[in-house]
Amino acid sequence: MKNILVPTDFSSHAMAAFETAVSLSRRTGAQVYLYHVIEVPEVAEMHELMAWRESGGEGSMESADGMLRQLVMNEAYHDIRPVYSIDYGTPHKCISAKAAGEGFDLVVIGSHGMSRIDKIIFGSTTEKVIRNTLCPVLTINDTISCFQPSTIVFCAGIAAEQACGFETVKSISLLYNAVIHIVKVSTPEHFETTRQSRMAMKTFAETNKLAEYTLNHYNDRSVEEGLKHFSEDINADMLCMPTHGSSGIRHLFRKSVTGSVTGQITIPVLTCRIPGT
């Protein structure tokens, strides 16, 4: 891990994402890049452009530059020497393009406080970054006080999906001496026997030469609820899963039809887009 991109809108969630990137940088030596995008209308009519100017859009660059400069010059971060840049455009498009164009290894982004897995994954800018960014994306909620995962949940799926981004998961687990809990959620619609699940997960763990891990088969009404409940049961502090670029993770996580899923997913969520989707 050499380069970490941290999009920021100066919210508490973005600051939590930055602190997480700082933690990773101090353990890996990676360069941290803060990135702010000033949103402008994509196809602006004259009245839209005038409204944008009147709202202070043209003065946003100076304001953003001042805040970013103050942040990177803070003595608390002198050891990692973070840098920053600012662009005009559509935030999610600029972030995904920058991540791909400049070869970033990881994007760390604030979740903007969404309360359920479906909201974390399907929320505005963050959701679009997850769906359209080729490198792994680590989503951070502002409730996190210190990024130091020791109990990582990894969602087992088919071989192609499992392999996606797993090197990043493995790297983080080694950096923080964390245990990876591989879990396959079995649902009424997609049932799999415990024997089948455990054999597949064991093969995956041995192929990837994992040292500290557990194998888990979990039954629930949906994969979404199963991951949420399993993570709560073991007090996990990080959740990892694959994502399809064209449809987020709608193939895997559907919105609850019962409306009974309450509680919040506040732990960091690492997603990786499956190649070719």
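Our structure's up above, just so we're on the same page.
Residues numbered from 1 in each chain as written. Predicted model: local features only at pLDDT ≥ 70, side-chain atom pairs only at ≥ 80, totals over all residues. Heavy atoms only, no water.

A. Representation of the overall build of the protein in the model. Check the secondary structure of the protein and you find ten helices and ten strands. A buried classification covers 50% of the 277 residues belonging to the protein. Taking all contacts inside the protein whose residues are at least 6 apart in sequence as the whole, residues at least 24 apart take part in 81%. (Helix = DSSP H or I, 4+ residues; strand = E, 2+ residues; numbered from the N terminus. Buried < 20%, exposed > 50% of the residue type's maximum accessible area, 1.4 Å probe, protein only. Contact = heavy atoms within 4.5 Å.)

B. Spatial organisation of the layout of surface pockets. By volume, the second largest pocket amounts to about 250 Å³. Looking at the second largest pocket, it is lined by 16 residues, and the ones nearest its centre are Thr 8, Asp 9, Pro 91, His 112 and Thr 125. Of all elements in the fold, only α1 (12–28), β2 (31–39), α4 (91–101) and β4 (106–110) reach the threshold of two or more residues within the lining of the second largest pocket. Counting residues per element, the lining of the second largest pocket draws most heavily on β2, at four residues. Of the residues that constitute the lining of the second largest pocket, the class distribution is seven nonpolar, seven polar and two charged. (1 Å grid on protein atoms, 1.4 Å probe; cavity = no way out; pocket = protein on both sides within 12 Å on 5 of 7 lines; lining within 4 Å. Points joined across faces, edges and corners; volume = space filled by probe spheres on them. Nonpolar A, V, L, I, M, F, W, Y, C, P; charged D, E, K, R; others polar.)

C. Expanded view of the packing of aromatic side chains. This structure, assessed with the given rule, holds seven aromatic pairs. Ring geometry for Phe 166 and Phe 204: centres 4.8 Å apart, planes at 75°, overall edge-to-face. With Phe 166 in helix α8 (residues 166–175) and Phe 204 in helix α9 (residues 194–207), this residue pair connects regions lying 38 residues apart in the sequence. Among the residues examined, Phe 204 registers a relative accessible area of 8% and is labelled buried. Note on Tyr 218 and Phe 230: the rings are 5.6 Å apart at their centroids and 70° apart in plane angle, and the pair reads as edge-to-face. (Phe/Tyr/Trp six-rings, centres within 6.5 Å; stacked < 30°, edge-to-face > 60°.)

D. Spotlight on the side chain of Ser 197. By the element assignment, Ser 197 lies in helix α9. A distance of 3.5 Å separates the side chain of Ser 197 from the side chain of His 217, its partner in a polar contact. With residues up to four places along the chain from it excluded, the contact list for Ser 197 reads Lys 184, Glu 192 and His 217. (Polar contact = N/O pair within 3.5 Å; in protein donor to acceptor, adjacent residues only side chain to side chain.)

E. Spatial organisation of the sheet that holds strand β5 (residues 137–140). If you trace the ten strands from one edge of the open sheet to the other, you get β3-β2-β1-β4-β5-β10-β9-β6-β7-β8, paired in mixed fashion. Where the open sheet ends on each side, the last strands, each with one partner, are β3 (83–89) and β8 (213–219). Direction aside, neighbouring strands of the sheet carry axes that sit 25° apart on average. Alignment of strand β6 (residues 151–155) against strand β7 (residues 179–186), held across five bridges, turns out to be parallel. Paired with Val 153 across the two strands is His 181, which belongs to β7. Where α4 meets the sheet, it contacts β1 (3–7), β2, β3 and β4, and its direction lies at approximately 150° from that of β2. (Pairing = 2+ DSSP bridges. Axes fitted to C-alpha atoms, helices over the stretch in contact; angles between N-to-C directions.)

F. Representation of the state of the cysteines. Under the definition given, this model contains zero disulfides. Unpaired in this structure, Cys 155 has its nearest cysteine sulfur neighbour in Cys 240, at a distance of 9.7 Å. We classify Cys 155 as buried; its relative accessible area is 6%. (Disulfide = S-S within 2.5 Å.)

G. Layout of the side chain of His 36. Along the polypeptide, His 36 turns up in strand β2. By relative accessible area, which is 11% here, His 36 ends up buried. One polar contact links the side chain of His 36 to the main-chain carbonyl oxygen of Thr 8, over a distance of 2.8 Å. In this structure His 36 touches Thr 8, Asp 9, Phe 10, Ala 64, Leu 68, Ser 85, Ile 86 and Asp 87, once residues within four positions along its chain are discounted.

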